[in-house]
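An overview of the molecular structure
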Amino acid sequence: MNGPTLHEPPAPASWRIALPHTAAAVPVARALVRTALAELKHSADSDTAELLTAELVANAVEHTAGTGPIELVVELLPSGCQVEVHDPDPAPPGDLTVPHPLGPPDPWQEHGRGLLLIRTLSSSCGHRPTESGKAVWFRLPVVPPQRRYV
């Protein structure tokens, strides 16, 4: 990396929760993110955070083997929020950080748009190896108060 490394100040609040390796994890993850963001006066867009969290959790459930739990980590940062989903599969997610070489997903297919949504709607996203598999993450910036809808 060229230039100085930017370090985010410590998160003012963070949550880490184990979720079942089933589809039931998706609404639980959405509710946790919604609740976490509601605690802050100036936070990231809750609807977008819920949508992208649901995509990450659904991908972890659908595309990783095993029955062990997956883990959701939500960090509220001065600049917004970061959400990570940890799963036991070390393989990187398909086209998370670069477009798929065959072009955009077919709009008529039921699957294939989750990573595109994450890549498009987040301020940044990526993945990293962990001791037990990988963590896939995204960040959302703080939304100025005048742009929030009540």
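The structure displayed is predicted, hence computed values, not measured ones.

**Overview of the packing of helix H1 (residues 25-38) against helix H2 (residues 46-63)**
- Between H1 and H2, the shortest axis-to-axis distance is 9 Å and the interhelical angle comes to 150°. Taken together, the axes of H1 and H2 are roughly antiparallel relative to one another. Classified by chirality, the crossing of H2 by H1 is right-handed. Two secondary-structure elements touch here, H1 through Ala25, Val26, Ala29, Arg30, Val33, Arg34 and Leu37 and H2 through Ser46, Ala49, Glu50, Leu51, Thr53, Ala54, Val57 and Ala58.

**Section: H2**
- Taking 1.5 Å of rise per residue, 18 residues should cover 26 Å, and H2 covers 25 Å from first to last C-alpha, within 8% of that figure.
- For H2, the set of buried residues is Thr48, Ala49, Glu50, Leu52, Thr53, Ala54, Leu56, Val57, Ala60 and Val61.
- The inward-facing, buried residues of H2 contact strand E1 (13-19), H1, strand E2 (70-77), strand E3 (80-87), helix H3 (114-121) and strand E5 (133-141).

**Notes on the confidence of the model for the protein**
- Averaged over every residue, the pLDDT of the protein is 82; residues scoring 70 or more account for 75%.
- Looking over the protein, one finds the lowest element-wise mean pLDDT in H3, namely 84, and the highest in E5, namely 95.
- Confidence drops under pLDDT 50 across residues 1-5; counting only partners more than four residues distant or on other chains, this segment forms zero contacts.

**A short note on the packing of H2 against H3**
- At a closest axis distance of 9 Å, the pairing of H2 and H3 adopts a crossing angle of 140°. Taken as a pair, H2 and H3 cross one another with a handedness that is left-handed. Along its contact with H2, which presents Thr48, Leu51, Leu52, Glu55, Leu56 and Asn59, the element H3 presents Gly114, Leu115, Leu117, Ile118 and Leu121.
- Considering only residue class, the contact of H2 with H3 consists of seven nonpolar, three polar and one charged.

**A word on the pattern of salt bridges**
- All chains considered together, the criterion is met by five salt bridges.
- Arginine 128 is the salt-bridge partner of glutamate 84, the closest N and O atoms lying 2.9 Å from each other. Of this pair, glutamate 84 sits in strand E3 while arginine 128 sits in strand E4 (residues 124-130), and the two are 44 residues apart along the sequence.
- Take arginine 128: its relative accessible area is 34%, and that puts it in the partly exposed class.
- Each of the salt bridges in this network shares a partner with another, and the network as a whole consists of Arg30, Arg34 and Glu50.

Cut-offs used in this document
Residues numbered from 1 in each chain as written. Predicted model: local features only at pLDDT ≥ 70, side-chain atom pairs only at ≥ 80, totals over all residues. Heavy atoms only, no water. Axes fitted to C-alpha atoms, helices over the stretch in contact; angles between N-to-C directions. Helix = DSSP H or I, 4+ residues; strand = E, 2+ residues; numbered from the N terminus. Parallel < 35°, antiparallel > 145°, perpendicular 65-115°, else oblique. Left-handed = near helix turned anticlockwise from the far one by under 90°. Contact = heavy atoms within 4.5 Å. Expected span 1.5 Å × (residues − 1). Buried < 20%, exposed > 50% of the residue type's maximum accessible area, 1.4 Å probe, protein only. pLDDT = per-residue confidence, 0-100. Nonpolar A, V, L, I, M, F, W, Y, C, P; charged D, E, K, R; others polar. Salt bridge = Lys/Arg side-chain N within 4 Å of Asp/Glu carboxyl O.

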